[in-house]
Amino acid sequence: DAMVIQNPRYQVTQFGKPVTLSCSQTLNHNVMYWYQQKSSQAPKLLFHYYDKDFNNEADTPDNFQSRRPNTSFCFLDIRSPGLGDAAMYLCATSRDGSVAYNEQFFGPGTRLTVL
Amino acid sequence: AQSVSQHNHHVILSEAASLELGCNYSYGGTVNLFWYVQYPGQHLQLLLKYFSGDPLVKGIKGFEAEFIKSKFSFNLRKPSVQWSDTAEYFCAVNAGGGSYIPTFGRGTSLIVHP
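Keep in mind that this is a model prediction, so the values were computed, not measured.

Participant: Let's hear about the overall build of chain B: which residues, and what values?
Facilitator: Along the backbone of chain B there are zero helices and 12 strands. Walking chain B from its N terminus toward its C terminus, one meets helices and strands in the order β-β-β-β-β-β-β-β-β-β-β-β. Expected size for 114 residues packed as a compact globule is a radius of gyration near 13 Å; at 14 Å, chain B falls within 12% of this value. For chain B, the residues scored as buried account for 47% of the 114 residues in total.

Put into C-alpha cells, the structure is as follows:
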C-alpha cells in the first residue's frame, strides 16, 4: 500500500544532542510537510517542501532544519534539542497544491523525548 | 492570520447517540475545509473534505459535514455513533487563492461508551 513512513517511531535524545527524524513516502506526492504536535494542541507546521522549494514558517526556531534529497524522502534535523522540543513530530504529504488534491496524508509520527 | 476554533475539546457519548462537533474559522474568503480523524494508535487520516459545490459533504464511516459560509462553520455530524468512533477529530482550513497550507484546530477528543 502506498503510504507515509516515519522512522523511528520513538526517539529518545539528550538535551543538546542532535537528532534526525526521517520520513519517506511511496505516494510520489509533490508536497511534504513537517508538523510538531504537543499534547492537546493543534499540529503546528514547521516547514514544507513543494518539490525542491523549501518553505520555512516564520516562527520555526533556527534549531530546526530540514532536507529533502529526493521526492521520496524528507528529514527533520534538530540541532540542539531542548526540553521544550519534546513532542510528536508528524510528516505529511499532499499530491500538489490544487484544491482537488491538497488533502494531506500523514505518517504515524515520531515521539521525541528529550532527557 | 486565520484561526480555527473547535469549541468542544472533550465529548463523551453513548453508542447510538447523535454527534455534532463544531468548527469555526476566521478567514473571510474562499476556503477549503477538512475534517481529519486520528483513531487510538493510528495516524491522522482524512474523514472528509469540502472545496466547492454541495455544502453538505459526505465522508467515510457515515460522517458528514455542512459548510455554512454565513456562519464561517463546518460542523461534523453523525446520526448514530459507534464505539469504534472513539478518536481525536481535527478540523482544518486552507485559505483560498491557491493556498494549500492548512490551519488546524486543536482537536476534539471523542469517547463513545458501548
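Participant: A description of the pairing of strand β3 (residues 19–25) of chain A should follow, citing residues and the corresponding values.
Facilitator: All names here are of chain A. With six of its seven residues buried, β3 lies for the most part within the structure. As judged from the four bridges shared by strand β1 (residues 4–7) and β3, these two strands associate in the antiparallel manner. Across the sheet, the residue bridging to Gln-6 is Cys-23, located in β3. Looking at chain direction, β3 and strand β8 (residues 73–78) are connected through six bridges and run antiparallel. Note on β8: the bridge partner recorded for Ser-24 is Phe-73.

Participant: Any chance you could break down the pairing of strand β6 (residues 45–50) of chain B for me, citing the residues and the numbers?
Facilitator: Examined bridge by bridge, strand β5 (residues 31–38) of chain B and β6 of chain B share five bridges and lie antiparallel to one another. Of the residues in β6 of chain B, the one forming a bridge with Leu-33 of chain B is Tyr-50 of chain B.

Participant: An account of the state of the cysteines is needed here, citing residue identities and associated values.
Facilitator: All names here are of chain B. Following the criterion strictly, the structure yields two disulfides over all chains and no others. Here Cys-23 engages in a disulfide with Cys-91; their sulfurs sit 1.9 Å apart. Judged by the torsion about the S-S bond (-65°), the Cys-23/Cys-91 disulfide is left-handed. Of this pair, Cys-23 sits in the loop between β3 (19–21) and β4 (24–25) while Cys-91 sits in strand β10 (residues 87–95), and the two are 68 residues apart along the sequence.

Scoring rules and cut-offs
- Residues numbered from 1 in each chain as written.
- Chains lettered and ligands numbered in written order.
- Predicted model: local features only at pLDDT ≥ 70, side-chain atom pairs only at ≥ 80, totals over all residues.
- Heavy atoms only, no water.
- Helix = DSSP H or I, 4+ residues; strand = E, 2+ residues; numbered from the N terminus.
- Rg over C-alpha atoms; globule rule 2.2 N^0.38 Å.
- Buried < 20%, exposed > 50% of the residue type's maximum accessible area, 1.4 Å probe, protein only.
- Pairing = 2+ DSSP bridges.
- Disulfide = S-S within 2.5 Å.

It is worth stressing that arrangement in space is one thing and function is another; only the former is reported here.
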